[in-house]
Amino acid sequence: MTSTPMTLTLTPRGPFSLAASIRFLEGFTPARYAGGGPSVLRLAFPLDGRWTPVGLRVRQDADGVVHAQARSPGDPPDRDAVRAQLRRILSLDVDGSGFAEVGERDPVVGGLQRRYPGLRPVTFWSPYEAACWAVISHRIRITQAATVKARLTERLGTPVELPDGGVTAFPGPVELLRGAGAPDVVPWHEQRLRQAVRDAYRLDGDVDDDTLTRITDGWRPYRTWISLLLRTWREDETGEISGRRRRG
């Protein structure tokens, strides 16, 4: 059940354009942003330190004031915490009242300010998500990393219903960090697991998502444990890790 909407109001100090932020996100590969059009920002995130999923619908009025409607599955989230996180995401926690003066002193900066009026940095939804991105994107193409992050969100994240449709929050540490000991998680992106499933169940061809879901659903609530058993079995059989095949 989704909580009652919570309304937040943020007043920028200095120039700020939500539309410019939305345009930035639409072109920023890691965000994989497809939102509510040029005037509405739709986002979801796990609340810092609490990991409660929160969804927001954000708009800006003609006077420049930013209004946000926040929802969360279950109990209402902490208002101050949501407000602080949204301020940081949109860089509204920084006083930009002196920003124009820099453009007056430096014509290059002034030209950029005129070309991109009101654009401020849009940060990752949380430092935690930024750290996850750093791990995911290490030594692979940015487009590949963005796909992995999007699939993690789709499979492990929490959906939040907004008036104009749902958004999904990136999974919190409990849902994501398999190495922390969660007993019932399928490591979807490990190809060796899919190969082990194929061999153990004597399947023809590659194991697609539907097949993996159908098989691993029968392992609940110990999908992590059984994934380990299968991986260990296949490594023993093929010698992929040790370099030599173990004989029975």
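Residues numbered from 1 in each chain as written. Predicted model: local features only at pLDDT ≥ 70, side-chain atom pairs only at ≥ 80, totals over all residues. Heavy atoms only, no water.

**Q** Give a detailed account of the pairing of strand β6 (residues 165–169), specifying residues and quantitative values.
**A** Relative to β6, strand β5 (residues 158–162) runs antiparallel, the two sharing five bridges. Bridge pairing in β6 links Val 160 to Val 167. Linking β5 to β6, which pair antiparallel, is a turn of two residues. (Pairing = 2+ DSSP bridges. Helix = DSSP H or I, 4+ residues; strand = E, 2+ residues; numbered from the N terminus.)

**Q** Tell me about the packing of helix α8 (residues 191–200) against helix α10 (residues 223–238), and please be specific about residues and values.
**A** For any two helices packed against each other, one specifies the inter-axial angle together with the distance between the axes. Packing of α8 against α10 leaves a shortest axis separation of 9 Å and a crossing angle of 80°. By the angle between their directions, the pair α8 and α10 is classed as roughly perpendicular. Residue-level contacts link Arg 192, Leu 193, Gln 195, Ala 196, Val 197, Arg 198, Asp 199 and Ala 200 of α8 to Ser 227, Leu 230, Arg 231, Trp 233 and Arg 234 of α10. Residues of the contact of α8 with α10, tallied by class, amount to six nonpolar, two polar and five charged. (Axes fitted to C-alpha atoms, helices over the stretch in contact; angles between N-to-C directions. Parallel < 35°, antiparallel > 145°, perpendicular 65-115°, else oblique. Contact = heavy atoms within 4.5 Å. Nonpolar A, V, L, I, M, F, W, Y, C, P; charged D, E, K, R; others polar.)

**Q** Requested: an account of the packing of helix α5 (residues 127–136) against helix α6 (residues 142–156), with residues and values cited.
**A** Two elements in contact, α5 and α6, have axes whose closest approach is 9 Å; the angle formed by their N-to-C orientations is 130°. Classed by the angle they form, the pair α5 and α6 counts as oblique. Remark: the crossing between α5 and α6 carries right-handed chirality. Mapping the contact onto sequence places Glu 129, Trp 133 and Ile 136 in α5 and Ile 142, Ala 145, Ala 146, Val 148, Lys 149 and Leu 152 in α6. Partitioning the contact of α5 with α6 into residue classes produces seven nonpolar, no polar and two charged. (Left-handed = near helix turned anticlockwise from the far one by under 90°.)

**Q** I'd like to hear about the sheet that holds strand β1 (residues 6–10), residue by residue, with values.
**A** Pairing between the strands of a sheet comes from backbone hydrogen bonds, and it takes one of two forms, parallel or antiparallel. Taking strand neighbours across the sheet as the criterion, the four strands line up as β1-β4-β3-β2 in an open arrangement whose pairing is antiparallel. Looking at which strands have only one partner, the edges of the open sheet turn out to be β1 and β2 (40–46). Taking each pair of neighbouring strands and ignoring which way they run, the sheet shows an average axis angle of 25°. In the sheet, strand β3 (residues 53–60) pairs with strand β4 (residues 66–71) via six bridges, with the strands oriented antiparallel. Counted as the bridge partner of Leu 56 is Ala 70 from β4. Packing against the sheet, helix α2 (residues 79–89) makes contact with β1, β2, β3 and β4, and its axis sits at approximately 45° to β1.

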